Amino acid sequence: MNNVLTMILGGGRGERLYPLTKHRAKPALPLAGKYRLIDIPVSNCINSGMLKIFVITQFNSASLNRHIADTYRFAPFIRGFVDVLAAQQTPQSPDWFEGTADAVRKTLWVTDPWQVDEYLILSGDHLYRMDYRLFLQHHLETNADVTLSVVPVDEARASGFGLLDINEQGRVVDFKEKPKGDALRAMQVDTQRLGLEPVSAAHMPYAASMGIYLFKQNVLKELLKIPGHKDFGHDIIPAAIHTRNVQAYLFKGYWEDIGTIETFYKANLGLVKQPKPSFSFFDVEFPIYTHARFLPPSKVLDCAMQETMICDGCIVKTGEVKNSIIGIRARLEDNVTIHDTLVMGADYYQSDLERGNDLISGIPSVGIGANSVIRKAIIDKNARIGKNVKIINNANARKAECEQEGYWIRGGIVVVMKNAVIPDGTVI
């Protein structure tokens, strides 16, 4: 593991996650009320003993950079680090990053001095728990130049992924990015070759790329020299298949690509499902790390809760919370009803004086006001939701862009924007 250097790609715009990405990069999105998405790949690396970690950033990276700097500080006698590689102009490369592979290419001058044998390339916006040591073991045992981690998928989901065709030895012989129709069906494989059980293999005959790659160091550098190759999925991997030993490694656990409002919402609320959540943070052997905030314990006065996570530093008075996540420093006033909702919480506490001034000014305080009802929504940080507000998608809209009013609707999910002010009595 000491001869592996990890590069986590965190610079994308995240346009399909807007307005959640208006003020932050995708990997900085809050997860489960207290974590951020970037904590997932970084924690996987730490738990796997791979401690040389670079996070490549570019778009809206301020909060992501701050979180990494505040969270991941290794002891000085450990040869490990989590450093940010921000997009920058140099005399040799005056342009910004133009794709995932281009981002790695333009930062090799920083990583070269480490002289490692393998490069592990990860995405910063996936939810999963993976031991990269097993991935590395497969890579070395097959003497692969490149190894791709894949998940088995059924036909209904397959067209949304890059798909691999493999031979009997597990070697990748073809790669298609999001094929449709006959091209999709041509990519069916016997996933038993990768170690999947027969019943599951019959149901999931496609091998989808997870966007997780292991490269031999010299092979990666040679592939990055090919002119015009800017992206791993579209350019580097297809080029490598015909000239290199490209192997597939099957990952059987839970994995979700957080690419849209709908997948972000589903991944978060899947955490509270019982009896078995889609992903669990309660794993003593493989913990997920995040920023230590030293917040007080949450206080619940008289509120009925069912299938709900409540994070540190919250004040919940009376009402009902069901199938929801209540994030750090959230404040719920009297008789609040919240169903099927992610409340991200707040970045700060308001003092009594500040709350008093808000009352005099007629502005809702940070939190959710008395007698409000919220269903199937995402409430971003520091939102001020007044009294007697109903956020229930009253018009049953699938899509709406009401930025001036402080909210969007995507896939029927109401997204209240960060720092938004929703006045008393508003019905959405």
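From a predicted model like this one, the values you see are computed outputs, not experimental measurements.

### Section: the overall build of the protein
A count of helical and extended segments in the protein gives 12 helices and 25 strands. Scaling as 2.2 N^0.38, a compact globule of 428 residues should have a C-alpha radius of gyration of about 22 Å, and the protein matches this with 23 Å. Across its three principal directions, the C-alpha atoms of the protein cover 70 × 50 × 40 Å. Relative to its 428 residues, the protein shows a buried fraction of 54%. Counted over contacts in the protein with a minimum sequence separation of 6, partners at least 24 positions apart contribute 63%.

### Notes on the pairing of strand S23 (residues 407-410)
Here S23 shows no split at all, with Tyr407 and Ile409 on one side and Trp408 and Arg410 on the other all buried. The hairpin formed by strand S22 (residues 399-402) and S23 contains four residues between the paired strands, and Gly406 there has a positive phi angle of roughly 95 degrees. For S23 and strand S24 (residues 413-416), the ladder comprises four bridges, and the chain directions are antiparallel. Across the sheet, Tyr407 pairs through a bridge with Val416, a residue of S24. Between S23 and S24, which follow one another and run antiparallel, lie two residues, and Gly411 among them has a positive phi close to 60 degrees.

### Thoughts on the nonpolar core
Ranked by internal contacts, the top residues of the largest apolar core, which has 63 residues, are Leu120, Tyr128, Met130, Phe264, Phe281 and Ile378. Excluding residues within four positions of it along the chain, Phe264 makes contact with Leu17, Leu20, Leu29, Pro30, Ile258, Leu342, Met344 and Ile378. If you look at the next biggest cluster of nonpolar residues, it comprises 42 residues, including Ala87, Val116, Val150 and Ala207.

### Some points on empty space enclosed by the protein
Unfilled space is identified by rolling a water-sized probe across the atoms. Scanning the model with the defined rule gives two cavities of 30 Å³ or more in all. When its volume is computed, the second largest cavity comes out at roughly 30 Å³. Pro30, Gly33, Lys34, Tyr35, Arg36, Arg293, Ile328 and Lys381 are the residues that line the second largest cavity. Residues that form the lining of the second largest cavity fall into these classes: three nonpolar, one polar and four charged.

### A few points about the pattern of salt bridges
Considering all chains together, one arrives at 23 salt bridges under this definition. For Arg185, the salt bridge goes to Glu155, with nearest N and O atoms at 3.9 Å. Of this pair, Arg185 sits in helix H7 (residues 181-185) while Glu155 sits in helix H6 (residues 155-158); the two residues are 30 residues apart in sequence, bridging distant segments of the chain. For Arg185, a relative accessible area of 43% puts it in the partly exposed group. A relative accessible area of 36% places Glu155 in the partly exposed class. Through salt bridges with shared partners, one network takes in Lys317, Arg331, Glu333 and Arg355.

### Concerning helix H11 (residues 261-269)
In an α-helix there are 3.6 residues to a turn, and that puts residues three or four apart on one side. In terms of burial, H11 is largely enclosed, as seven of its nine residues are buried. Along H11, the residues that are buried comprise Ile261, Thr263, Phe264, Tyr265, Ala267, Asn268 and Leu269.

### Quick look at the side chain of Ser149
Of note, Ser149 is situated in strand S8 (residues 146-153). Contacts of Ser149, omitting those with residues within four sequence positions, involve Met130, Phe135, Ala208, Ser209, Met210, Ile212, Tyr249 and Phe251.

### Section: the packing of aromatic side chains
What the rule picks out here adds up to 12 aromatic pairs. When the centroid spacing of 5.8 Å and the interplanar angle of 45 degrees are considered together, the rings of Phe161 and Trp255 count as tilted. You can see Phe161 sitting in the loop between H6 and strand S9 (162-166) and its partner Trp255 sitting in strand S13 (residues 255-257), a full 94 residues away along the chain. Overall, Phe161 belongs to the buried group, its relative accessible area being 11%. Taken together, the ring pairs connect Tyr35, Tyr254, Phe279 and Phe281 into an aromatic cluster.

### A word on the environment of Arg244
Assignment of secondary structure puts Arg244 in the loop between helix H10 (232-241) and strand S12 (246-250). Expressed as a C-alpha distance, the spacing of Arg244 and Val219, which sit 25 residues apart in the sequence, is 8.5 Å.

### Some thoughts on unusual backbone geometry
That bond from Tyr18 to Pro19 is cis: its omega, 15 degrees, falls within 30 degrees of zero. For the bond running from Gln274 to Pro275, omega is 10 degrees, close enough to zero to count as cis. Located in the positive-phi region is Asn143, a residue other than glycine, with phi close to 50 degrees. Tracing the backbone shows Asn143 in the loop between helix H5 (132-141) and S8.

### Description of the environment of Ile391
Take Ile391: it is sitting in strand S21 (residues 390-391). Of the residues examined, Ile391 reaches a relative accessible area of 0% and is grouped as buried. For the pair formed by Ile391 and Arg329, sequence separation is 62 residues and the distance between their alpha carbons is 21 Å.

### Brief notes about the side chain of Arg129
Tracing the chain through its elements places Arg129 in the loop between strand S7 (126-128) and H5. Polar side-chain contacts of Arg129 include one of 2.7 Å to the backbone oxygen of Ser280. Of note is the side chain of Arg129, whose polar atom sits 3.0 Å from the backbone oxygen of Phe286.

### Points about the pairing of S24
Burial along S24 is two-sided: the face carrying Ile413 and Val415 and the face carrying Val414 and Val416 are both buried. Sheet topology note: the strand S19 (residues 373-379)/S24 ladder contains three bridges and is parallel. Residue pairing for S24: Ile378 is matched across the bridge by Val415.

Calculation criteria
- Counting starts from 1 at the beginning of each chain's written sequence and moves along it residue by residue.
- Given that this is a predicted model, residues contribute local features only at a pLDDT of at least 70 and side-chain atom pairs are listed and counted only at 80 or more, while totals for whole chains, interfaces and linings are drawn from all residues.
- With hydrogens and water stripped out, all remaining heavy atoms of the structure feed into the side-chain values.
- Helix and strand definitions follow DSSP, with helices as H or I runs of at least four residues and strands as E runs of at least two, each counted in order from the N terminus.
- We compute the radius of gyration from the C-alpha atoms alone; for a globule the expected value is 2.2 Å times N to the 0.38, where N is the number of residues.
- Each residue is assigned to one of three classes by its accessible area relative to the maximum for its type, calculated with a 1.4 Å probe on protein chains only: buried under 20%, partly exposed between the two thresholds, exposed over 50%.
- Here a residue-residue contact requires only that any non-hydrogen atoms of the pair lie within 4.5 Å.
- Any two strands with at least two DSSP bridges between them are considered paired.
- The set of buried Ala, Val, Leu, Ile, Met, Phe, Trp, Tyr and Cys residues whose side-chain atoms join them within 4.5 Å is what this entry labels a nonpolar core.
- Lining residues are those with an atom within 4 Å of a point, where the points come from a 1 Å grid over the protein atoms alone and group into cavities, where a 1.4 Å probe fits but cannot get out, or pockets, open sets with protein on both sides within 12 Å along at least five of seven lines.
- Grid points are joined across faces, edges and corners, and a volume is the space filled by probe spheres set on the points.
- All amino acids are sorted into three groups, where Ala, Val, Leu, Ile, Met, Phe, Trp, Tyr, Cys and Pro are nonpolar, Asp, Glu, Lys and Arg are charged, and the leftover types, Gly among them, are polar.
- Basic side-chain nitrogens of Lys or Arg form a salt bridge, by our definition, when they fall within 4 Å of a carboxyl oxygen of Asp or Glu.
- Two rings belonging to Phe, Tyr or Trp (six-membered ring only in the last case) form a pair when the distance between their centres is within 6.5 Å. Interplanar angles under 30 degrees mark stacking, angles over 60 mark edge-to-face geometry, and anything in between is tilted.
- The definition of a polar contact used here is a pair of N or O atoms within 3.5 Å, where within protein one atom must be able to donate a hydrogen and the other to accept one, and adjacent residues in sequence count solely through side-chain atom pairs.

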